Amino acid sequence: YVEGAMPGDALVVHIRKLRLNRGTAISDDGLVDRAVSDDYAADHKDDGFKDVVWKLDAERGIATLASPTPRLKELSVPVRPMLGCIAVAPGFGSAPVRTGDSGRFGGNMDFSGIREGATVYLPVAQPGALLYVGDGHALQGDGELNGNALETSLDVEITVELLRDKKLQGPRVENAESLMSIGLAGSLDDAFAEATSDLASWLQEDYRLTGSETAILLG
């Protein structure tokens, strides 16, 4: 509960620290159906989904397979801790939201850019905002292709600010290098349109660019 937060405000969440606090993580050994073609899914229908255990070395900043196959015995990947879930409560009259869902309120977005040093903006829809964070990952690529990234627990340190009367259409993320608008919709086309439109609006509202100037910059 964020004291003073009211619908129509925006919550600003600064992610100060995300640190590994255990020596293992879990992922899977299959690709989710919606990420592959029908032919690929048919060819690999017997692969199944089994847990894959990773060993985390916080000092060296790498993850390795606990029981590697012969062809992956030399595999190591750099850890980049991130939060898969960050959200506020949805608005009045909304249907109950499952923890696996996402939407205007944020949620289970699984965006790898939400890591230490990032700032997340969320539209407040309930008194107190009711901020939630969770779903720690030691590492994730640009998508969660097997339904899990390197799932683990994290020590999390955040600070929160409030922007009064700042209406947002959905989540935004900012770091030292980029402004990022997140589109969440039932299709990639709709999500792309949401994200592009919101990023253009962000540049026009906060940086005073015209529509033409925004198009020149984004293009």
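What you see is a predicted model, and the numbers here were worked out from it, not measured in a lab.

A few points about the packing of aromatic side chains
Then, number 1: Inspection of every chain in the model, using the stated rule, returns 1 aromatic pair.
Then, number 2: Ring geometry for Tyr 121 and Trp 202: centres 6.0 Å apart, planes at 70 degrees, overall edge-to-face. Residue Tyr 121 is located in strand 9 (residues 119-123), and its partner Trp 202 is located in helix 2 (residues 188-207); the two are separated by 81 residues in the primary sequence.

Some words on a nonpolar patch on the surface
Then, number 1: On the surface, Leu 31, Tyr 40 and Leu 145 cluster together to form a nonpolar patch covering roughly 280 Å² of accessible area.
Then, number 2: Its location among the elements puts Leu 145 in the loop between strand 10 (132-137) and strand 11 (154-163).

Overview of the sheet that holds strand 7 (residues 102-103)
Then, number 1: If you walk across this open sheet you meet the 4 strands as 7-8-6-10, and the pairing is antiparallel. Where the open sheet ends on each side, the last strands, each with one partner, are strand 7 and strand 10.
Then, number 2: Judged from the 3 bridges that link them, strand 6 (residues 82-87) and strand 8 (residues 106-108) form a sheet pairing that is antiparallel. For Cys 85, the partnering residue across the bridge sits in strand 8 and is Asn 108.

Looking at the pairing of strand 4 (residues 62-65)
Then, number 1: Two strands pair when backbone bridges link them, and strand 3 (residues 51-57) and strand 4 are joined in this way by 4 bridges, in the antiparallel orientation. Residue pairing across strands places Leu 56 opposite Ala 63, the latter belonging to strand 4.
Then, number 2: The hairpin formed by strand 3 and strand 4 contains 4 residues between the paired strands, and Gly 61 there has a positive phi angle of roughly 70 degrees.

Analysis parameters
- Residues numbered from 1 in each chain as written.
- Predicted model: local features only at pLDDT ≥ 70, side-chain atom pairs only at ≥ 80, totals over all residues.
- Heavy atoms only, no water.
- Phe/Tyr/Trp six-rings, centres within 6.5 Å; stacked < 30°, edge-to-face > 60°.
- Helix = DSSP H or I, 4+ residues; strand = E, 2+ residues; numbered from the N terminus.
- Patch = residues over 30% accessible without salt bridge, like charges linked within 9 Å, V, L, I, M, F, W, Y side chains within 5 Å.
- Areas by Shrake-Rupley, 256 points an atom, 1.4 Å probe, with all protein chains shown as cover.
- Salt bridge = Lys/Arg side-chain N within 4 Å of Asp/Glu carboxyl O.
- Pairing = 2+ DSSP bridges.

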